[in-house]
Structures are given as structure tokens and as C-alpha cells.
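# Structural overview
The lines below spell out each chain.
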Amino acid sequence: AGCTTTELAVGRGQLSIKRNGQTELVDLASPYTPIAIIGEPSDRRWTVLIEREGLPLVVVTRSWVDPHWFTTVLYRLRPGLRPDDTGSSTEPVTP
């Protein structure tokens, strides 16, 4: 049984996924690309889910990338993904 190598690269807001001689591009910078970050980069179960219309879900785990690096890249491209950007801290609190 052979081992499949997957290479990831990010350039100009595009995630390039190379595996099995094929290259797929995902537009990470687009607000129309749904992205979910599960857990913190230090969490063993940290995972990033990227939806693509009509294509299988991209599941990025720490076995593919350094989670701290990839999370930083995502936050730079899509600041709205940061958990502290929800605005909930500005909600008035009633006792």
C-alpha cells in the first residue's frame, strides 16, 4: 500500500492542495468560502473545515499543517473568523 503525500501552500489568499498529482485551489480570502475553525491551535483536536460548492469538504488537521501558522494565516485573510470579533463583549449586561 502506498502513502499519499499532501502538500499545502497559501499564496495570494488561495490555498493550494497538491495530492495524487492533482492540484486543487480554494479561495480562503473570499467571504463566500465557508470556513469553520474547531478548537484552539494548541488543542489536539484542532481542525479547519472548508466548504466548496459541489466538491467534498476540505478537512485540515494538525497532521497536514502547523495549526498556529495556519490559524494565523486564516485570521489575516479573514479577520471575522477570530473568536473575539463577535461583538458580544459590547452587549450590555443586565443584573
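Keep in mind it's a predicted model, so treat the numbers as computed, not measured. (Residues numbered from 1 in each chain as written. Predicted model: local features only at pLDDT ≥ 70, side-chain atom pairs only at ≥ 80, totals over all residues. Heavy atoms only, no water.)

### Description of the packing of aromatic side chains
Rule in force here: Classification of ring pairs uses Phe, Tyr and Trp, with its six-membered ring standing for Trp, and accepts pairs whose centres are within 6.5 Å; under 30 degrees between planes counts as stacked, over 60 as edge-to-face, and the remaining range as tilted. For helices the rule is a DSSP run of H or I covering at least 4 residues; for strands it is a run of E covering at least 2, with both sets numbered from the N terminus onward. Burial classes follow relative accessibility: with a 1.4 Å probe on protein chains only, a residue under 20% of its type's maximum area counts as buried, one over 50% as exposed, and anything between as partly exposed.
Applying the stated rule across the entire model yields two aromatic pairs. Between the aromatic rings of tryptophan 46 and phenylalanine 70, the centroid separation amounts to 6.4 Å while the plane-to-plane angle is 85°, which identifies the pairing as edge-to-face. Of this pair, tryptophan 46 sits in the loop between β4 (35-38) and β5 (47-52) while phenylalanine 70 is found in helix α1 (residues 67-77), placing the two residues 24 residues apart along the sequence. Measuring from ring centre to ring centre gives 6.0 Å for tryptophan 69 and phenylalanine 70, while their planes differ by 40°; the resulting arrangement is tilted. The class of tryptophan 69 is partly exposed, set by a relative accessible area of 42%. Using a relative accessible area of 0% as the deciding quantity, one classes phenylalanine 70 as buried. Grouping aromatic residues by their ring pairs yields a cluster made of Trp46, Trp69 and Phe70.

### Some remarks on the environment of aspartate 27
Under the convention used in this document: By the criterion applied in these results, polar contacts are pairs of N or O atoms within 3.5 Å in which, for protein atoms, one can donate a hydrogen and the other can accept it, and in which residues neighboring in sequence qualify only through two side-chain atoms.
Structurally, the position occupied by aspartate 27 is in strand β3 (residues 22-27). Its relative accessible area of 32% is what places aspartate 27 among the partly exposed residues. Aspartate 27 sits 11 residues away from serine 16 along the chain, and the two C-alpha atoms are 9.0 Å apart. At 3.5 Å, the side chain of aspartate 27 and the side chain of glutamine 14 are in polar contact.

### Remarks on the confidence of the model for the protein chain
Note the following rule: Each residue carries a pLDDT score, the predictor's own confidence in it, on a scale running from 0 to 100. Should any heavy atoms of two residues lie within 4.5 Å, those residues are counted as being in contact.
The share of residues in the protein chain with pLDDT of 70 or more is 84%, and the mean pLDDT across the chain is 85. In the model, residues 86-95 has pLDDT below 50 throughout and makes zero contacts with residues more than four positions away in sequence or in other chains.

### What to know about the sheet that holds β4
We count it as follows: A pair of strands counts as paired when DSSP detects no fewer than two bridges linking them. Here an axis means a line fitted to C-alpha atoms, over the contact stretch when the element is a helix, while the angle between two N-to-C directions is reported on a 0 to 180 degree scale.
A sheet is described by the order of its strands in space; here three strands give the open sequence β4-β5-β6, paired in antiparallel fashion. Each having just a single partner strand, β4 and β6 (55-61) make up the two edges of the open sheet. Here the strands of the sheet are splayed against their neighbours by 15° on average, with no regard to which way each runs. Judged from the five bridges that link them, β5 and β6 form a sheet pairing that is antiparallel. Along β6, the bridge assignment pairs arginine 52 with leucine 55. Of the strands in this sheet, β4, β5 and β6 are in contact with α1, which crosses β4 at around 140°.

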